[in-house]
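Results of the structural survey
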Amino acid sequence: VTAPEPRAMIIPELRSGSQAQVLFSQYTLADAEARGKDQASALLRLRRTSCMPLERRRQAMRLLLRDWHPDKHQGKPLEEQEHANEVFCYIQGLRSAVLGGTEQ
């Protein structure tokens with residue numbers, strides 16, 4: 001059994017003075033909640049890191065991506081694998097907002 005291919009998730013890009021402001025927009029939270037409780041939880045967790053040093057934000061991003069990585073969910077029911085992939089892609093879409101465009 002192989003992991004499903006990651007699907008690109010389109011995260012609306014909001015123009016603002018700071019990329020971190022995207023994390024705090026009302027639209028971003030509503031979008032995360034509409035996608036599911038796990039996406040909303042990930043967004044809220046990343047919001048808490050916004051005032052932290054870059055290395056702490058990277059660490060939080062790595063932990064979330066590790067927890068939701070599709071390879072970690074192999075062998076589980078297909079529905080769970082697809083959900084993990086969706087959450088993983090959602091978190092990946094927030095990378096530049098969380099890390100300030102320092103890495104892709």
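Predicted model, so just to flag it, every value in this text is computed and none were measured.

A tally of helices and strands in the protein chain yields five helices and zero strands. Helices (α) and strands (β) of the protein chain occur, in sequence order from the N terminus, as α-α-α-α-α. In the protein chain, which comprises 104 residues, the share counted as buried stands at 36%. Long-range pairs, those at least 24 residues apart, make up 60% of the contacts in the protein chain between residues at least 6 apart in sequence. By element, 51% of the accessible surface of the protein chain is carried by carbon and sulfur atoms, the whole surface being about 6,500 Å².

Take helix H2 (residues 37-47) next. Since the α-helix advances by 3.6 residues per turn, residues separated by three or four positions end up pointing in the same direction. For H2, every residue scored as buried is listed here: Asp38, Gln39, Ala40, Ala42, Leu43, Leu46 and Arg47. Where the residues of H2 are buried, they touch helix H1 (26-35), helix H3 (54-68), helix H4 (78-93) and helix H5 (95-99).

Here we take up the nonpolar core. Membership of the largest hydrophobic core comes to 20 residues, with the highest contact counts inside it found for Leu46, Ile91, Leu94 and Val98. Those elements giving two or more residues to this core turn out to be H2, H3, H4 and H5. The element best represented in this core is H4, accounting for five residues. Every residue in contact with Val98, bar those within four places of it in the chain, is listed here: Leu23, Leu46, Thr49, Arg57 and Met61.

On to H1. Among the residues making up H1, those that are buried are Thr28, Asp31 and Ala32. The arc that holds every buried residue of H1, seen down its axis, measures 100 degrees, which confines them to one face. Residues Gln26 and Ala34 are exposed on H1 and point more than 90 degrees away from its buried face. Looking at the buried side of H1, the elements it contacts are H2 and H4. Just downstream of H1 lies Gly36, where phi reads positive at about 150 degrees.

A separate point is the packing of H1 against H2. Close contact between H1 and H2 brings their axes to 7 Å; oriented N to C, the two are set at 145 degrees. Counted together, Thr28, Leu29, Ala32, Glu33 and Arg35 of H1 and Gln39, Ala40, Leu43, Leu44 and Arg47 of H2 form the full contact between these two elements. Of the residues belonging to the contact of H1 with H2, the class tally is five nonpolar, two polar and three charged.

This part takes up the confidence of the model for the protein chain. Overall, the predicted model of the protein chain reaches an average pLDDT of 84, with 77% of residues at or above 70. For residues 11-17, every residue scores under 50 in pLDDT, and the model assigns this stretch nine contacts once sequence neighbours within four places are set aside.

Looking at the secondary structure, you find Asp38 in helix H2. A polar atom in the side chain of Asp38 sits 2.6 Å from the side chain of His83. Those residues within four positions of Asp38 in sequence are excluded, and the remaining contacts are Trp68, His83 and Val87.

Rules of the game
Residues numbered from 1 in each chain as written. Predicted model: local features only at pLDDT ≥ 70, side-chain atom pairs only at ≥ 80, totals over all residues. Heavy atoms only, no water. Helix = DSSP H or I, 4+ residues; strand = E, 2+ residues; numbered from the N terminus. Buried < 20%, exposed > 50% of the residue type's maximum accessible area, 1.4 Å probe, protein only. Contact = heavy atoms within 4.5 Å. Areas by Shrake-Rupley, 256 points an atom, 1.4 Å probe, with all protein chains shown as cover. Core = buried A, V, L, I, M, F, W, Y, C linked by side-chain atoms within 4.5 Å. Arc of directions from axis to C-beta. Axes fitted to C-alpha atoms, helices over the stretch in contact; angles between N-to-C directions. Nonpolar A, V, L, I, M, F, W, Y, C, P; charged D, E, K, R; others polar. pLDDT = per-residue confidence, 0-100. Polar contact = N/O pair within 3.5 Å; in protein donor to acceptor, adjacent residues only side chain to side chain.

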